[in-house]
Amino acid sequence: MSQSRVVLIVDDSPEDRELYRRYLRRDREYFYTLLEANLGGQGLELWQQHQPDAVLLDYRLPDLDGLEFLARLQSLTRQSYLPVIMVTGQGNEAIAVQAMKASAQDYLVKEQITPEGLQLAVNGAIETVQLRTQLQQRIERERLVSQITQKIHQTLDLAEILQTTVSEVRQFLQTDRVLIVRSQSDGWGTVTTESVVADYSLLSGSYHDPYLSEDYVEHFRQGLVTLNPDIYDASIAPDDVELLRKLQVRANLIVPILQNRQLWGMLIAHHCAAPRQWQPLEVDLLKELATQVGIALQQAELYQQAQNELAERRRVEAELRDSEERFRTSVENMLDCFGVYRAVRNERGEIVNFQVEYVNDAACLSNQMTCTQPSQGLDEFLPGYYDSTLFDEYCQVVETGQSLVKDSLVYEDDYGQQRLVRAFDIRVAKFGDGFVATWRDITDRKQVEQSLRQSEEFKRRILESSSDCIKLLDLNGQLLYINTGGLCLLEIDDFATYLNEDWTSFWQDDDRTRAEEAIVIAKTGELSRFQGFCPTAKGTPKWWDVAVTPILDTAGHVSQLLAISRDITERQQAEQERDRLLQLEQTARLEAERANRIKDEFLAVLSHELRSPLSPILGWTKLLQTRKFDETKMAEALATIERNAKLQTQLIDDLLDIAKILRGKLSIDAAPVNLAFVIESALDAVRTAAAAKSILLHPVLPNVGQVSGDSTRLQQIVWNLLANAIKFTPKGGRVETRLERVGEQARIIVSDTGKGINPEFLPHIFESFRQEDVSITRKYGGLGLGLAIVRQLVEAHGGTIAADSPGEGLGATFTVYLPLLDVEPEIEQTEELPQQALDLTGIRVLTVDDRPDVRELLTELLALYGAEILTVASAAEVLANLESFQPDVLVSDIGMPEVDGYTLLQQIRTLPPEKGGQIPAIALTAYAREDDRQRAIASGYQRHVTKPLEPEQLVKAVVELARGKRLLNK
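Since this is a predicted model, take the numbers as computed values, not measurements. Residue positions are counted from 1 within each chain, in the order its sequence is given. Since the coordinates come from a predicted model, pLDDT governs what is reported: local features require at least 70, and pairs of side-chain atoms require 80 or more to be given and counted, while whole-chain, interface and lining totals use all residues. As a rule here, side-chain values cover all heavy atoms of the structure and leave hydrogens and water aside.

Counting from the N terminus, the helices are the DSSP runs of H or I reaching at least four residues and the strands are the DSSP runs of E reaching at least two. Scanning the protein for helices and strands turns up 25 helices and 33 strands. Buried means the residue's accessible area, taken with a 1.4 Å probe over protein chains only, is under 20% of the maximum for its type, while exposed means over 50%, and partly exposed covers the values in between. Looking at the protein as a whole, 41% of its 970 residues are labelled buried. Counting only contacts in the protein whose residues sit at least 6 apart along the sequence, the fraction spanning at least 24 positions is 60%. Values of accessible area rely on a 1.4 Å probe in the Shrake-Rupley scheme; residue burial ignores everything except the protein chains shown. In the form shown here, the protein has an accessible surface area of approximately 53100 Å², with 51% of it arising from carbon and sulfur atoms. Here, two residues are considered to be in contact whenever any of their heavy atoms come within 4.5 Å of each other.

Structure follows, in structure tokens:
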């Protein structure tokens, strides 16, 4: 099988490169992978990427000559020998010499190259470089091993040995990082020594390496080596590849370090810049150095052990030498009393006294006597000890060997010229045929303790009587004590369940953070205060004013913390109530200001909208009174007057409707209604307005069923939506009306292609008196009541309404949902009287109104339809002409001077039928509220017709009442 070799051809001549390819591929012993470059710089880049086995280099290149190429390549590789064959167009010995000096291995003339000659030159260059490199590496390896071995024999400094090892190995391997790692737990190691080039980071301290995990440890314990030429060659798990990538490792070589056949750590080489084929020579070097490091470790361990043993021996000897001196010095200078006593026995061996062998100066001073030679008996040193129990207790110590301890002995004896009662702390132990004793005068301490007990009792009574919550904390914030008042405030029945609890855990969120900060500040010796909310143990909400103060020990260090909490719940609640009332007042003021602003805007708009229709009405009326016009102009003038009069009527109706809504007086006469007919009627009412603007009305009105509602109010809803759509849609636009059934509801959708709705105004679209544009330059008129009335009417029918618009200029859509009745859809028949039925011929009508213009209008109108009419100006005239005229129907104004329409009809109803007491009556009035209609019907009127007058409406009412009367008379 042919061996593989990589050859880089650097030549700017394509013909020459093709010639070299043919010659090399004739070689049956080797398979060549050929890399080509026509520039020197490109060739250097290919060398760095592929590390070829040999280079065919043309001496003359466009960007640099062959000698420059060799110089740069040598700086990149840092190798003394390069597998480069210089090729020139013509022989030149000077160039050949320079090339060989620059580390090239051979020199060829292009005209003289043969296939065999080229193959021999390439293979010879490769083998020559390999042999020279191996020789140099072996020499360097032997030098390195010798140097490190010599270092191990010369010094016992392990750190110096390890540092020399990693530095020299990195230089020898020409790699990026070499380190010695002490293995720890699974996957972790401690870097003891490291050498790394400047381009890569140190791994000092503990770090994680997949090759330190338990999966590899047994492998390393056997002394086996692990090497990876490239971590991306798919032989390593993806997680391990990612970990090595973070360590900047591309190739690695790991050799175990064994000490006494146990795995101590690893000698690791990292190649970071690119993949690397580790050579056997390099592996052998690291294995041998790892062995030397193991020897150095064992040697250092033995040296350290010997040093420790020597230091311990010296320490013990020094302690033994100093022990007696320290004992003597300490006894002579100790503040406690010390004495050595020997038992004095009688002939029966019984102890009868103790001889003082030694007492220190403190004992003499305590007994207020001068120390003499240690020959006196204990009875002379302490005359009163026989009378106490001390003698018997000393004897028991000597006879039994059991030590004696008295923490608080009260002893009375003669001290100098005084007889005193004093307190002692005594320790007695057997010593030979006697004992040693130490004792301390604790009289002052006992007096202080008594004072402290009294002081503590005083403080305790102060704490227990305090109404504040007082807590004692340790430096970790754990509860040690709570006073009685605090237990009551916190509603704690048993403090034991809270002992050693973390005080900050009682606080929540930001208050807990403030409590923790207060403890931190108090631990520094400073007072800290904060206010926060913390419920009691039983959940009662409470606010607290808290002060945390440090408690110092005798050395001035903070030993404990005192937290004093005052219940400020009532004050906090009062402040919250004050803030709440202030907020309510501010909200109310803002709402009042907003209402006033809306009212002012509304009044300005109302004034404008009421005056605007009057201008053409009065203007045309004046012109008609003063000038003569042809029939066409006359018809236009009358149509203008009628249109503006209806507009003003609509404004007044909207005002009346909104007033009913605000007072809750809006009435709905509910009955089954077919929505398709209602919508069609509303469409009929707006067709003229739509046609005037060339707006296409597109209705889709299937019969979806019936709803329970007032047909007039439902028509008003649809009419308002349609009128708005037409008003805000430009000429040539489109208004679509759809009726759909959605479950148990009817859905009415009115959409247009008009100006749309500003998203900021959309939430206020259904509010009363609100208009998007209230400026004097506004383009569209109106009071801003229509949609508010629509919403109230929809909700009065149990439905909902919503508005939507993609934005200004993109049209708007209004959607109404109304509940359907659970009945089959029916075709509703209208009961409209045919036009020819509005005939008043033979009907006598008596009308009364205090205004002459109205009386004249009524006379002309009713006479036009064929009625026999009598018009009067007051209630008195009605009563005077009622019996003689015998009218079929009475049409009466309500608001008249002296006697109003209600009183008039009451007087008529008191008359007998033959005098007109049962005459059908129509109330014709400008009082148009629902309350006014109900009052008129309750007063005896059969119909309520509002001003301004719709002629056909009044004529229809007269016809219906007249027919009804005739049916009754029959």
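At least two bridges found by DSSP between two strands is the condition for calling them paired. The pairing of strand β19 (residues 528–533) with strand β20 (residues 543–552) spans 6 bridges and is classified as antiparallel. When the bridges of β20 are listed, Gly-532 appears paired with Trp-544. Taken together, the 9 bridges between β20 and strand β21 (residues 558–567) define a ladder with antiparallel strand orientation. Following the sheet pairing, Leu-552 is matched in β21 by Val-558. The antiparallel hairpin formed by β20 and β21 contains 5 residues in its connecting segment, where Gly-556 sits at a positive phi of about 85°.

Let us now look at the sheet that holds strand β2 (residues 30–37). The 5 strands are arranged β2-β1-β3-β4-β5 in an open sheet whose pairing can be described as parallel. In the strand order of this sheet, the two ends are held by β2 and β5 (106–109), each with one partner. Between one strand axis and the next, the sheet turns by 25° as a mean value, whatever way the strands run. Pairing geometry for strand β4 (residues 84–88) and β5, over 4 bridges, is parallel. Of the residues in β5, the one forming a bridge with Thr-88 is Val-109. The strands touched by helix α2 (residues 40–50) within the sheet are β1 (3–10), β2 and β3 (54–58), with β2 carrying the most contacts at an inclination of about 135°. Inter-axis angles, ranging from 0 to 180 degrees, are taken between N-to-C directions of lines fitted to C-alpha atoms, where helices are fitted over the stretch in contact.

If you trace the backbone, Asn-500 turns up in the loop between α14 (484–489) and α15 (509–523). Residue class for Asn-500 comes out partly exposed when judged on its relative accessible area of 42%. The sequence separation of Asn-500 and Asp-474 amounts to 26 residues, and the corresponding C-alpha distance is 8.7 Å.

Before going further, it helps to examine helix α19 (residues 711–727). For α19, which comprises 17 residues, the first-to-last C-alpha distance of 24 Å matches the rise-based estimate of 24 Å (1.5 Å per residue) to within 8%. Among the residues making up α19, those that are buried are Arg-713, Leu-714, Gln-716, Ile-717, Val-718, Asn-720, Leu-721, Leu-722, Asn-724, Ala-725 and Ile-726. Helix span, as expected, comes to 1.5 Å for every residue beyond the first.

This brings us to the packing of aromatic side chains. Two rings from Phe, Tyr or Trp (for Trp, the six-membered ring) form a pair when their centres are within 6.5 Å of each other. A pair whose planes differ by under 30 degrees is stacked, one over 60 is edge-to-face, and the rest are tilted. All chains considered together, the criterion is met by 13 aromatic pairs. Aromatic pair Tyr-30 and Tyr-32: ring centres 6.4 Å apart, planes at 55°, arrangement tilted. When its relative accessible area of 8% is taken as the criterion, Tyr-30 is described as buried. One aromatic cluster in this structure is built from Tyr-341, Phe-354, Phe-391, Tyr-394 and Phe-435. In our convention, an over-ring charge means Lys NZ or Arg CZ found within 6 Å of a ring centre and within 35 degrees of that ring's normal. Stacked on the ring of Tyr-30, the Lys or Arg Arg-5 has its end atom at 3.8 Å from the ring centre.

This part covers the nonpolar core. Within the largest apolar cluster, 42 residues are counted, with the highest numbers of intra-cluster contacts made by Leu-721, Ile-748 and Phe-814. Listed by contribution, the elements that provide at least two residues to this core are α18 (675–692), α19, β25 (734–742), β26 (745–752), α20 (786–796), β27 (800–804) and β28 (813–819). If you tally residues by element for this core, the top one is α18, at 8 residues. Sequence-distant contacts of Leu-721, that is, excluding residues within four places in its chain, are made with Val-750, Leu-787, Val-790, Ile-801, Phe-814 and Val-816. Side-chain atoms within 4.5 Å are what join buried Ala, Val, Leu, Ile, Met, Phe, Trp, Tyr and Cys residues into a set we call a nonpolar core.

It is worth spelling out helix α22 (residues 875–885) at this point. Within α22, burial applies to Ala-875, Val-878, Leu-882 and Phe-885. Axial view of α22: buried residues confined to an arc of 100°, hence all on one face. Residues Ala-876, Ala-880 and Ser-884 are exposed on α22 and point more than 90 degrees away from its buried face. Close packing links the buried residues of α22 with β29 (844–848), β30 (868–872), β31 (889–892) and α23 (901–909). Arc definition: directions from the helix axis to the C-beta atoms.

On to the side chain of Asp-849. As for its placement among the helices and strands, Asp-849 is situated in the loop between β29 and α21 (852–864). Polar contact is the term for a pair of N or O atoms within 3.5 Å; when the atoms are in protein, one must be able to donate a hydrogen and the other to accept it, and sequence-neighboring residues count only if both atoms are side-chain atoms. Of the polar contacts made by the side chain of Asp-849, one reaches the backbone nitrogen of Arg-851; its length is 2.9 Å. Residues within four places of Asp-849 in sequence aside, it is in contact with Val-854, Arg-855, Val-872, Ala-873, Asp-893, Met-896 and Lys-947.

What follows covers the packing of α22 against α23. The geometry of α22 relative to α23 is characterised by a closest axis approach of 10 Å and an angle of 25° between their N-to-C directions. Classified by the angle their axes make, α22 and α23 are roughly parallel. Considering only the axes of α22 and α23, their crossing is right-handed. Only Leu-904, Gln-907 and Ile-908 of α23 make contact with α22, whose side of the interface consists of Ala-875, Val-878, Leu-879 and Leu-882. In terms of residue class, the contact of α22 with α23 is made up of 6 nonpolar, 1 polar and no charged. Here roughly perpendicular refers to angles of 65 to 115 degrees, roughly parallel to angles under 35, roughly antiparallel to angles over 145, and oblique to all remaining angles. Put simply, a crossing is left-handed when the front helix is turned counterclockwise from the back one by less than a right angle, and right-handed when it is turned clockwise. Three categories are distinguished: nonpolar for Ala, Val, Leu, Ile, Met, Phe, Trp, Tyr, Cys and Pro, charged for Asp, Glu, Lys and Arg, and polar for the others, with Gly belonging to the last.

One open sheet holds the 6 strands; their spatial order is β8-β7-β6-β11-β10-β9, and the pairing between them is antiparallel. With partners counted over all chains shown, the strands left at the sheet margins are β8 (205–208) and β9 (226–228), one partner each. Going from strand to strand, the sheet's axes swing by 30° on average, the running direction of each strand aside. Relative to strand β11 (residues 262–271), strand β6 (residues 177–183) runs antiparallel, the two sharing 6 bridges. Bridged to Val-181 within β11 is Met-266. The strands touched by helix α6 (residues 158–173) within the sheet are β6, β7 (188–196) and β11, with β7 carrying the most contacts at an inclination of about 60°.

So, about the confidence of the model for the protein. Confidence scores labelled pLDDT are given residue by residue by the predictor and lie between 0 and 100. Mean pLDDT over the protein works out to 81, with 85% of the residues at or above the 70 mark. When the criterion is pLDDT under 50, residues 774–781 qualifies, and its contacts beyond four places in sequence or with other chains add up to 13 contacts. Across residues 825–836, where pLDDT falls below 50, the model places 18 contacts with residues more than four positions away in sequence or in other chains.

What counts as a salt bridge is simple: a side-chain nitrogen of Lys or Arg found within 4 Å of a carboxyl oxygen of Asp or Glu. One pass over the full model with this rule turns up 36 salt bridges. When the shortest N-O distance is used, the salt bridge between Glu-347 and Arg-348 registers 3.9 Å. Of the two residues, Glu-347 and Arg-348, both sit in the exposed class. Among the ionic pairs, Arg-734 bridges to Glu-736, the shortest N-O distance being 3.1 Å. Take Arg-734: its relative accessible area is 31%, and that puts it in the partly exposed class. Residue Glu-736 is classed as buried on the basis of its relative accessible area, which comes to 16%. Among the charged side chains, a network of salt bridges with common partners joins Asp-11, Asp-16, Asp-58 and Lys-110.

Moving on, we come to the pairing of β1. Two elements, β1 and β2, share 8 bridges in a ladder whose sense is parallel. Within β2, the residue paired with Ser-4 across the bridge is Phe-31. Looking at chain direction, β1 and β3 are connected through 4 bridges and run parallel. The residue bridging Ile-9 from the neighbouring strand is Leu-56, located in β3.

Below, the discussion takes up the packing of α19 against α20. In the contact formed by α19 and α20, the axes pass within 9 Å of each other and the chain directions differ by 145°. Of the two possible hands of crossing, α19 and α20 adopt the one that is left-handed. Across the interface between the two elements, Arg-713, Gln-716, Ile-717, Asn-720, Leu-721 and Asn-724 from α19 touch Gly-786, Leu-787, Ile-789, Val-790, Leu-793 and Val-794 from α20. The residue inventory of the contact of α19 with α20, partitioned by class, reads 7 nonpolar, 4 polar and 1 charged.

What follows covers unusual backbone geometry. Even without being a glycine, Asp-509 presents a positive backbone phi close to 55°. Tracing the backbone shows Asp-509 in helix α15. Looking at Asp-509, the relative accessible area reads 66%, which means it is exposed. Its identity as a non-glycine residue notwithstanding, Gln-886 has a phi of 50°, on the positive side. Looking at where Gln-886 falls in the secondary structure, it is placed in the loop between α22 and β31. For Gln-886, a relative accessible area of 38% corresponds to the partly exposed category.

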